Amino acid sequence: MGYIWFGIKGDNSVKTKNENEMTEEIQKKVTVSGNVIQSTIDTMEGFGRIGQEILRSHGISKIRANDQYPYELRSDLHRAALERFGKIALIAFGFEMGDYLSPVFVDDMCKKSNSIFNQFENSSPEGKVESLEKFLTLYCQYVTNFFQNSIVSDESIEYGMWYQRRDDLVYEIRVTSAYDFHQEPFLVGIQDYVFARCIGNRIKFSRAFEEKKSHAGYGYATWLWKLSFHFASTNKTSNEIVALKKLEINQELMKAVLDHADSQKQKVEEISQKLGKYLPPQIHNAFFSGHYDTAIDTRRKKLTIFISDIKNFTSTSEGLQPEDLTKYLNEYFSEMTAIALEYG
């Protein structure tokens, strides 16, 4: 069985003029809508000012919903979170994005999928498989339509979502969109949301990322996943299933955030220890407690100046190896520093 294709142009291949050397003319045409960028930033609001930092690095002060922006902007937003918190951050952003996509197409798709599954609820195993494939067909159609409405690209790049049956209740899902390869967990998060909302109370699934079959170039990334389904109904509502999945993701994300905070704290402590060798204790303590004023201004203070000299230093240093001279000076400065700190 071949792919069930719902790409923008109807061809099941990804074509570019040159996957390795895209021209500047083509690069300028790969953009996504301001709505997409803004929703990406909104999903990251709980993680400080990452979104605003990336916007400034691109010279952008405000996102306008009806404008188009380089697809790299969304990629950089996700890369910043990925580097700090790992893949779970992008999965969480993708799951959160599901809420933004609900009024766009997920709500309508879930209503239609419920009608499909209700029609085949008491049917034979073959009928249930047919209902699953009808759902997958519907999913592919909605996702492709969303891509078509939110991405402006050169015609040589095919964007879409499609599936191919591999075995009984085993399917290969393929997505091509205006992303970079590292954003795969974001798509996983969206998948998790859609499946929890639309089929979570009827069907369970497992997923394996086919990384070797996936690839990317300028303006697109193509990912493949192998999804294995099995019918298993539950008394929980779709909203309860979504809430439980969201809790599971957020708990894992919180652990990643805390781990990142601990690592940052360790780095600060290491820097503090290193600077402590060169800064007076009172300045060092004030600086790392946030009480040191770095403003450059004129101030009058009473100072005590301590002047000392090493007797016969020139002749002594001429007879010492560099390593011995360094040790000699360090011992001297340590003693002098102790005097300065005691009476300073």
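Quantities reported herein were computed from a predicted structural model and do not represent experimental measurements.

Asker: Talk me through helix α3 (residues 50-57); I want residue IDs and the actual numbers.
Answerer: Listing the buried residues of α3 in full gives Ile50, Gly51, Ile54 and Leu55. Along the axis of α3, the buried positions cluster into a sector of 135°, meaning they face one direction only. Across α3 from its buried face, at more than 90 degrees, point the exposed residues Arg56 and Ser57. In the core, the buried residues of α3 are packed alongside α2 (34-43) and α4 (71-85). Directly after α3, the chain includes Gly59, whose backbone phi takes a positive value near 75°.

Asker: A description of the state of the cysteines should follow, citing residues and the corresponding values.
Answerer: Considering all chains together, one arrives at one disulfide under this definition. With its sulfur 2.1 Å from that of its partner, Cys110 forms a disulfide with Cys198. Across the S-S bond linking Cys110 and Cys198, the dihedral sits near -75°, which makes this disulfide left-handed. Of this pair, Cys110 sits in helix α5 (residues 87-119) while Cys198 sits in helix α7 (residues 184-198); the two residues are 88 residues apart in sequence, bridging distant segments of the chain. Looking at Cys110, the relative accessible area reads 5%, which means it is buried.

Asker: Summarise the packing of aromatic side chains; cite the residues concerned and give the values.
Answerer: Two numbers describe a pair of aromatic rings. These are the distance of the centres and the angle of the planes. The tally for this structure, following the rule as stated, stands at 20 aromatic pairs. Taken together, a centroid distance of 5.8 Å and an interplanar angle of 45° make the contact between Phe105 and Phe146 tilted. Here Phe105, found in helix α5, pairs with Phe146, found in helix α6 (residues 125-150); they are 41 residues apart in sequence, far enough to count as distant. Accessibility expressed as a relative area gives 6% for Phe105, which makes it buried. Residue class for Phe146 comes out partly exposed when judged on its relative accessible area of 22%. Ring pairing ties together the aromatic residues Phe117, Phe135, Tyr139, Tyr163, Tyr171, Phe195, Phe205 and Phe229, which thus form one cluster. Above the face of the Tyr179 ring, Arg74 is positioned so that its terminal group lies 3.8 Å from the ring centre. Taking NZ or CZ as reference, Lys128 lies 5.8 Å from the ring centre of Phe231, over its face.

Asker: Lay out the pattern of salt bridges with the relevant residues and their values.
Answerer: For the coordinates displayed, the defined rule picks out 13 salt bridges. Here Asp99 makes a salt bridge to Lys246, at a shortest N to O gap of 3.9 Å. One end of the pair, Asp99, is in helix α5; the other, Lys246, is in helix α8 (residues 238-275), with 147 residues separating them in the sequence. A relative accessible area of 27% means that Lys246 is categorised as partly exposed. Put simply, Lys255 and Asp259 hold a salt bridge, and the shortest N to O gap is 3.1 Å. Taken together, the residues span about one helical turn, with Lys255 and Asp259 both in helix α8 at a distance of four residues. Note on Lys255: relative accessible area 53%, which makes it exposed. Three or more residues joined by partner-sharing salt bridges are found here, namely Glu96, Asp99 and Lys246.

Thresholds, definitions, all that
Residues numbered from 1 in each chain as written. Predicted model: local features only at pLDDT ≥ 70, side-chain atom pairs only at ≥ 80, totals over all residues. Heavy atoms only, no water. Buried < 20%, exposed > 50% of the residue type's maximum accessible area, 1.4 Å probe, protein only. Helix = DSSP H or I, 4+ residues; strand = E, 2+ residues; numbered from the N terminus. Arc of directions from axis to C-beta. Contact = heavy atoms within 4.5 Å. Disulfide = S-S within 2.5 Å. Phe/Tyr/Trp six-rings, centres within 6.5 Å; stacked < 30°, edge-to-face > 60°. Lys NZ or Arg CZ within 6 Å of the ring centre and 35° of its normal. Salt bridge = Lys/Arg side-chain N within 4 Å of Asp/Glu carboxyl O.

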